[in-house]
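# Results of the structural survey
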Amino acid sequence: MRRAGPAGRPPDKRGLAIMAAFNFTNSYLRDVYETVCRKDPDQPEFLQAAGEVLESLQPVMDQRPDLVRSGVVERIVEPERTLLFRISWVDDHGKVQVNRGYRVQFSTAIGPSKGGLRFHPSVNLSIVKFLGFEQIFKNSLTGLPLGGGKGGSDFDPKGKSGNEVMRFCQSFMTELQRHIGPDTDVPAGDIGVGAREIGYLFGQYKRIRNEFNGVLTGKGLSYGGSLARTEATGYGLCYFANEMLKAAGKSFQGQSVVISGSGNVAIYANQKATQLGGKVIAMSDSNGYIVDENGIDYKIIQEIKEVKRERIKTYLEYVPGAKYVEGCSGIWTVPCGIALPCATQNELPLEGAKALVEHGCFAVAEGANMPSTPEAVAWFQSHGVLFAPAKASNAGGVATSGLEMTQNSMRLSWSFDEVDQRLHGIMTNIYHNAAKAAAEFGMEGNLVAGANIAGFLKVADAMIWQGVSY
């Protein structure tokens, strides 16, 4: 069914360049994407995320004209609300500092907005929108009643004192608290927002609102946090990857594993991949990467990064026989059977994908949000590499956040094993739902399309039921 194209001028050169990465045979979806590119040409990360989802929905639109009539796609690519606010705080020298804060509440069709807060100098509206858009489908895939949202600030916690971080978090929450709540929007942590920051944010919310509730997840165990939340994203990544491998008659057993990053996701992906029989031989940070052919001990990385807060090069002081290489992009040249990109968006380009395939990599599972470029994903798929997209394989963190919300509402705590068991079940179901959706729409084995379709259909049906006013 053809709808009228977008009114006004066409996308500019930046929008057209991003559009060129996608192949739209469905005229309706092409028109919708042209409109998005025309409206937001300065948001490349968001345009990339939106294009990838819309491209995979083409067979759905061919079979479901009701989705076209209801305007679901036009609505879902626009956030319900976008917040931009000033954050003023005072550093240890008495100087006033000013940062920008963001919160995008993308969808509440199936539940309150849910998504992390990222504190990093690179944070801008494009990145927050791309993360929030991805979160819609990721949260839908978990089977939990969670909508999509994301937020953050261009504040950099690195190099700041504990008191400076506290003052910033208090100022950030003073504004954000007006717009969130346990039944409205529930933030969590992300890059730059760990247990320390969540504690300061929660304390300020409680002070202002005089409420003790589940408004934030990733909290400390002493005030409502969930066991296994710290490990959840890394564990969930490996649970999903293992299910994908099993379906192909393969496993982690005896395989060399390369993991980019050395933060929370990477550390616990290392632990779980090792438990499943793999050997993690390379990890990285923004300065460079280490290679240890005997296997990298996740506990050492944990101490370096979470206790000492030092660079990954410090690993050589613990294991002198290891190798360190400046620059993190070269990690994809390390020969391996399985690669787990767990650092940041677009960290794995086409050149990295070619190097991985050339050196025998047969499976890639994304632990970060959109770490592979569209060209890299296409290369993996065209060369028979098993590929797990982030919105599916990275969903363990938000799944366990949802379990934390449940525990908060019930005023009880589950054991580590109980949470881990539920997480394992959720990730297994996500794999099978994505695989089933891909097969149903003629793209068997394409988990990128399957995850997008399975996540989208649940949200789309909810939007139709709730009417156009939504």
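Residues numbered from 1 in each chain as written. Predicted model: local features only at pLDDT ≥ 70, side-chain atom pairs only at ≥ 80, totals over all residues. Heavy atoms only, no water.

A few words now on the environment of Gln135. If you trace the backbone, Gln135 turns up in helix H7 (residues 125–141). Taking the C-alpha atoms as reference points, Gln135 and Ala395, 260 residues apart in sequence, are found 8.8 Å from one another. When near neighbours in sequence (up to four residues on either side) are disregarded, Gln135 contacts Lys114, Gly115, Gly148, Gly149, Lys150 and Val398. (Helix = DSSP H or I, 4+ residues; strand = E, 2+ residues; numbered from the N terminus. Contact = heavy atoms within 4.5 Å.)

Bridge count for strand S1 (residues 81–90) against strand S2 (residues 96–107) is 10 bridges, and the pairing is antiparallel. Among the inter-strand pairings, Phe85 is bridged to a residue of S2, identified as Gly101. Between S1 and S2, which pair antiparallel in sequence order, lie five residues; one of them, Gly94, sits at a positive phi of approximately 80 degrees. (Pairing = 2+ DSSP bridges.)

The subject of this paragraph is the sheet that holds strand S4 (residues 147–153). One open sheet accounts for five strands, arranged S1-S2-S4-S3-S5; its pairing is mixed. The outermost strands of the open sheet, each flanked by one partner alone, are S1 and strand S5 (185–188). Going across the sheet, the axis of each strand differs from the next one's by a mean of 20 degrees, ignoring polarity. Across five bridges, the pairing between strand S3 (residues 113–119) and S4 is parallel. Within the sheet, the bridge partner assigned to Lys114 lies in S4 and is Gly148. (Axes fitted to C-alpha atoms, helices over the stretch in contact; angles between N-to-C directions.)

If you look at the biggest cluster of nonpolar residues, it comprises 54 residues, and the most contacted ones within it are Ile259, Met283 and Leu340. Here the element with the most residues in this core is helix H10 (residues 232–247); it accounts for nine residues. Each residue touching Leu340, except ones within four places of it in the same chain, is listed here: Leu237, Cys238, Val257, Val258, Ile259, Ser260, Ala269 and Ala365. Core analysis: the next-biggest nonpolar cluster, separate from the first, contains 48 residues, Cys37, Val68, Val72 and Ala462 among them. (Core = buried A, V, L, I, M, F, W, Y, C linked by side-chain atoms within 4.5 Å. Buried < 20%, exposed > 50% of the residue type's maximum accessible area, 1.4 Å probe, protein only.)

Here we come to the pairing of S2. With six bridges connecting them, S2 and S4 associate as antiparallel partners. Each residue of the ladder has a partner; that of Arg103, found in S4, is Gly151.

Turning our eyes to something else, we now look at the pattern of salt bridges. Once the charged atoms of two side chains with opposite charge are near each other, the side chains can pair. Under the defined criterion, the tally for this structure stands at 18 salt bridges. For Glu175, the salt bridge is made with Arg178, and the minimal N-O distance between the two is 3.0 Å. Given a relative accessible area of 21%, Glu175 falls into the partly exposed group. Exposure remark for Arg178: the relative accessible area of 54% places this residue in the exposed category. Here Arg311 and Asp285 are joined by a salt bridge, their closest N and O atoms 3.5 Å apart. Here the residue Arg311 occupies a position in the loop between helix H12 (298–307) and helix H13 (315–318), and Asp285 occupies one in the loop between strand S7 (279–284) and strand S8 (288–291), the gap between them amounting to 26 residues. Given the relative accessible area of 28%, Arg311 is considered partly exposed. Three or more residues joined by partner-sharing salt bridges are found here, namely Glu52, Glu134 and Lys391. (Salt bridge = Lys/Arg side-chain N within 4 Å of Asp/Glu carboxyl O.)

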